[in-house]
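Each chain, written out:
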Amino acid sequence: VQLQAFGGGFVQAGGFLRLSCAASGRTFTMGWFRQVPGKEREFVASLSRSGGGAYYGNSMKGRCTISRDYGKNTMYLQMNSLKPEDTAVYYCAASNAWVATSINGFEYWGQGTEVTVSS
């Protein structure tokens, strides 16, 4: 499985961005993480293919929505009300597990897409 994330960029505080992650190959659970230099990679959200539901990390809960287009084999992260502290490199990941919310739960990782939120 190969993953390619895109959609990052510069945005002012209060703005929004939609990240996309295109997958090659069948995946069960897909998710988003983010990382800033010097800190651990942080769970943002994950979504199971069917029945497993959506899970959100505390950092962006209520301000982001994860979704998938199974026809396009693509995952999205709609991020709203962005804050400067949301500035990070965002990574998409895929798992063969029914539910995955930790780094160790994901077997496949894409390259990051950088999000910068200015104050």
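Definitions and cut-offs
- Residues numbered from 1 in each chain as written.
- Predicted model: local features only at pLDDT ≥ 70, side-chain atom pairs only at ≥ 80, totals over all residues.
- Heavy atoms only, no water.
- Disulfide = S-S within 2.5 Å.
- Helix = DSSP H or I, 4+ residues; strand = E, 2+ residues; numbered from the N terminus.
- Buried < 20%, exposed > 50% of the residue type's maximum accessible area, 1.4 Å probe, protein only.
- Pairing = 2+ DSSP bridges.
- Axes fitted to C-alpha atoms, helices over the stretch in contact; angles between N-to-C directions.
- Salt bridge = Lys/Arg side-chain N within 4 Å of Asp/Glu carboxyl O.

(A) Representation of the state of the cysteines within the structure. As enumerated under the stated definition, the model contains 1 disulfide in all. Disulfide partner of cysteine 21: cysteine 92, at an S-S distance of 2.3 Å. Between cysteine 21 and cysteine 92, the disulfide has an S-S torsion of 60 degrees and is therefore right-handed. With cysteine 21 in strand β3 (residues 17-24) and cysteine 92 in strand β9 (residues 88-95), this pair connects stretches of sequence that are 71 residues apart. Overall, cysteine 21 belongs to the buried group, its relative accessible area being 0%. Classification of cysteine 92 as buried rests on a relative accessible area of 0%.

(B) Focus on the sheet that holds β3. Here we have 4 strands laid out as an open sheet, ordered β1-β3-β8-β7, and antiparallel in their pairing. Two strands in the sheet have a free side with no partner beyond their single neighbour: β1 (2-6) and β7 (64-69). Put simply, the sheet's adjacent strands are angled 15 degrees from each other on average, direction ignored. Where β7 and strand β8 (residues 74-79) come together, 6 bridges link them in antiparallel fashion.

(C) Quick look at the pattern of salt bridges. All chains considered together, the criterion is met by 3 salt bridges. With a shortest N-O distance of 2.9 Å, aspartate 86 and arginine 34 are connected by a salt bridge. One end of the pair, aspartate 86, is in the loop between β8 and β9; the other, arginine 34, is in strand β4 (residues 29-35), with 52 residues separating them in the sequence. The partner of arginine 63 in a salt bridge is aspartate 86, with the nearest N and O atoms 2.7 Å apart.

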